[in-house]
Amino acid sequence: MSYSVRGEEPIVIEALRMRALPEGGYDHLLKFLRLYRDAVQLVIDRIWSLNGRLSKRKLHRLFYNNLVSMGFRAHHAKEIYVYAESVVKSARGNGGRKPILRRLSARVDKYDYRLYLDNMVLTLKLHNGYETKLRLVASSERVEKFRGWSNYEMVVKCDGGGFWVSIYFKRVAKAVKPRTVMSIDLNFDNVTLAIFTLNGRLAKLKRFRTPLRKVLTHRIWVERVQKRYPRSWRFIKGVEKAVDRHGERIKNISWVYAHKVGDLVAELASKHSSIIALEDLDKLRENNKKGKRFNKRLGLWIYRKIQFCIEYEARERNLEVVKINPRSTSSKCPRCGKKLAEYRHRVLRCRKCGFVGDRDVIAAINLYKKYMSKHPRCGVSGVAPNAPKPDENPSGVQGKRDDAMKNIKPHELI
Ligand SMILES: [Zn+2]
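A.B. asks: Sorry if this is basic, but what is going on with the overall build of the protein here?
C.D. replies: Check the secondary structure of the protein and you find 12 helices and 16 strands. Classification of the 414 residues of the protein by burial places 46% in the buried group. A fraction of 66% describes how many contacts in the protein between residues 6 or more apart in sequence connect residues 24 or more apart.

A.B. asks: It is not clear to me how the packing of helix α2 (residues 56-69) against helix α3 (residues 74-93) should be interpreted in this structure. Could you clarify?
C.D. replies: For any two helices packed against each other, one specifies the inter-axial angle together with the distance between the axes. Taken N-terminus to C-terminus, the directions of α2 and α3 make an angle of 125°; their axes are 9 Å apart at the nearest point. As the angle between them shows, α2 and α3 are arranged oblique. Like other packed secondary-structure pairs, α2 and α3 cross with a definite hand, here right-handed. Here Lys-56, Leu-59, His-60, Phe-63, Tyr-64, Leu-67 and Val-68 of α2 lie close against α3, whose contacting residues are Ala-74, Ala-77, Ile-80, Tyr-81, Val-82 and Glu-85. For the contact of α2 with α3, the per-class residue count stands at 10 nonpolar, one polar and two charged.

A.B. asks: Would you mind going over the coordination of the zinc ion with me for this structure?
C.D. replies: Six octahedral donors around a metal ideally subtend angles of 90 or 180 degrees, whereas four tetrahedral donors ideally subtend 109.5 degrees. Summarising the metal site, the zinc ion is bound by the protein donors Cys-333 (SG), Cys-336 (SG), Cys-350 (SG) and Cys-353 (SG), whose distances to it range over 2.3 Å. Every donor counted, the four donor atoms about the zinc ion form angles of 99 to 118° at the centre, which fits tetrahedral coordination.

A.B. asks: Please clarify how a positive patch on the surface should be interpreted in this entry.
C.D. replies: On the surface, a cluster of positive charge is contributed by Arg-17, Arg-103, Arg-142 and Lys-157. Turning to its location among the elements, Arg-142 is positioned in helix α4 (residues 140-144).

A.B. asks: Just to check I follow, could you spell out the side chain of Gln-41 for this structure?
C.D. replies: Tracing the backbone shows Gln-41 in helix α1 (residues 26-49). Within the structure, the side chain of Gln-41 is placed 3.1 Å from the backbone oxygen of Pro-99, a separation counted as a polar contact. Ignoring anything within four residues of it in the chain, the contact list for Gln-41 reads Lys-98, Pro-99, Ile-100 and Leu-101.

A.B. asks: What is the right way to look at helix α5 (residues 212-228) in this model?
C.D. replies: Each α-helix turn comprises 3.6 residues. Residues three or four places apart therefore point the same way. Spanning 17 residues, α5 covers 24 Å between terminal C-alpha atoms, matching the ideal 24 Å at 1.5 Å per step. On its buried face, α5 sits against α6 (237-271) and α9 (301-316).

A.B. asks: What exactly am I supposed to notice about the sheet that holds strand β16 (residues 356-358) here?
C.D. replies: Paired through their backbone hydrogen bonds, the strands of a sheet run either parallel or antiparallel. Strand order across the open sheet formed by three strands is β14-β15-β16, with antiparallel pairing between neighbours. In this open sheet, the two strands that pair with only one neighbour each are β14 (340-344) and β16. Averaged over all neighbouring strand pairs, the angle between strand axes comes to 40°, with direction disregarded. Across four bridges, the pairing between β14 and strand β15 (residues 347-350) is antiparallel. The residue bridging Leu-340 from the neighbouring strand is Cys-350, located in β15. Set on the sheet, helix α10 (residues 359-374) makes contact with β14, β15 and β16; between it and β16 the angle comes to about 95°.

A.B. asks: Sorry if this is basic, but what is going on with α9 here?
C.D. replies: Given a rise of 1.5 Å per residue, 16 residues ought to cover 22 Å, and the 22 Å separating the end C-alpha atoms of α9 matches this to within 8%. Taken as a whole, α9 has its buried residues at Ile-302, Tyr-303, Lys-305, Ile-306, Gln-307, Cys-309, Ile-310, Glu-313, Ala-314 and Arg-315.

A.B. asks: Mind showing me how you'd approach the pattern of salt bridges here?
C.D. replies: Pairing of side chains with opposite charge becomes possible as their charged atoms draw close. Summed over all chains, the structure comprises 27 salt bridges. Here Lys-145 and Glu-316 are joined by a salt bridge, their closest N and O atoms 3.4 Å apart. Residue Lys-145 is located in the loop between α4 and β7 (150-159), and its partner Glu-316 is located in helix α9; the two are separated by 171 residues in the primary sequence. By relative accessible area, which is 28% here, Glu-316 ends up partly exposed. The network of salt bridges with shared partners includes Asp-189, Arg-207, Arg-213, Arg-346, Asp-358, Arg-359 and Asp-360.

A.B. asks: Please explain the pairing of strand β11 (residues 202-209) as it appears in this structure.
C.D. replies: Put simply, side chains in a regular strand alternate between the two faces of the sheet. Pairing geometry for strand β10 (residues 190-197) and β11, over seven bridges, is antiparallel. Looking at the pairing, Ala-194 lines up with Leu-205 of β11. Once β10 ends, the chain turns through four residues before running back antiparallel as β11, passing Gly-200 with a positive phi of about 95°.

Scoring rules and cut-offs
- Residues numbered from 1 in each chain as written.
- Predicted model: local features only at pLDDT ≥ 70, side-chain atom pairs only at ≥ 80, totals over all residues.
- Heavy atoms only, no water.
- Helix = DSSP H or I, 4+ residues; strand = E, 2+ residues; numbered from the N terminus.
- Buried < 20%, exposed > 50% of the residue type's maximum accessible area, 1.4 Å probe, protein only.
- Contact = heavy atoms within 4.5 Å.
- Axes fitted to C-alpha atoms, helices over the stretch in contact; angles between N-to-C directions.
- Parallel < 35°, antiparallel > 145°, perpendicular 65-115°, else oblique.
- Left-handed = near helix turned anticlockwise from the far one by under 90°.
- Nonpolar A, V, L, I, M, F, W, Y, C, P; charged D, E, K, R; others polar.
- Donors = N, O, S within 2.8 Å, 3.2 Å for Na, K, Ca; no water.
- Tetrahedral: all angles 85-135°; square planar, octahedral: opposite > 155°, others 65-115°.
- Patch = residues over 30% accessible without salt bridge, like charges linked within 9 Å, V, L, I, M, F, W, Y side chains within 5 Å.
- Areas by Shrake-Rupley, 256 points an atom, 1.4 Å probe, with all protein chains shown as cover.
- Salt bridge = Lys/Arg side-chain N within 4 Å of Asp/Glu carboxyl O.
- Lys, Arg positive; Asp, Glu negative; His and termini not counted.
- Charge placed at Lys NZ, Arg CZ, Asp CG, Glu CD.
- Polar contact = N/O pair within 3.5 Å; in protein donor to acceptor, adjacent residues only side chain to side chain.
- Expected span 1.5 Å × (residues − 1).
- Pairing = 2+ DSSP bridges.

Put into structure tokens, the structure is as follows:
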């Protein structure tokens, strides 16, 4: 899924990929794909030999008549030269060689196909006036989602396994008007989130435990085994199996958790019409202090996974997500800005103003403050949020209750 802003209206674009079974016209479709690939290659060769950027108009003048005389329809021709130009551009951008196309794949404009989602049929206009009909294979739930969206382009492919189509859908995202800001602090042990009203009042605090300690146990086990059986461990059946099993568990635990948290967080954000402020993990790398809060052994992939799910679920609900540089968010006093010192386990204290607070909650508050200082239009900038009392715990942290894990059945985690 991608999310682009054109003018004021954000547009959501998503592709639906399906297997396609040709009902007649199989040979013509295959012929079309070959012709299309060769035509794109011809255009690539030509553009490659020319220097400088080519405008759409220039491309049209250079290639349109030629392509139409090969049997392509008007919009086929346009797709071909636009695609060829983009291939050349990205190859040059990477400093690579001239691209040689091997795969059979064609991009087709909405004027050259017709999609009937109700009976899962696609008709496709080919070269020389030929046409083909494809039966599409996809579960109804996957298709149901796109009702009410418009589609504007498709790609048809042929590989060893048969034909595939990807239909590109788009819709206008009616972005939710934010009433609150939700800032989220990711840690090894937990995900802490805080919801603030636009004038700086803390409306909600919540914490979800992460299963990362468990993931780490599996990871350490794998590392230990790999060390014990240098190189040859792969060939020992039992060892290989056990390593795979632990690898699978790591994957399962983290995906199940990431999806669950993404869903819970987005649902809560939707209820409060929040803009979601996440830590920019790329900036974290630069700040070079990830080791403090994130376990180095796990790497950042697991945090990215959690963020990915939060972002995905949020956008499904038309909520805005922003990334904030987390630099010094977990070390500065949210009241006076001075450096905080360790006070008790996970509790920090400001020597200057006496502010005391939970480390992760402080990080969430600071993240919110950073967001507000960059987006003052959202509220009154610079107003200190009402910080929680030192003994105040985020809900979900008291006792053994854990909101994220409560709804996951134990067997899903093992
Ligand atoms: Zn202070």
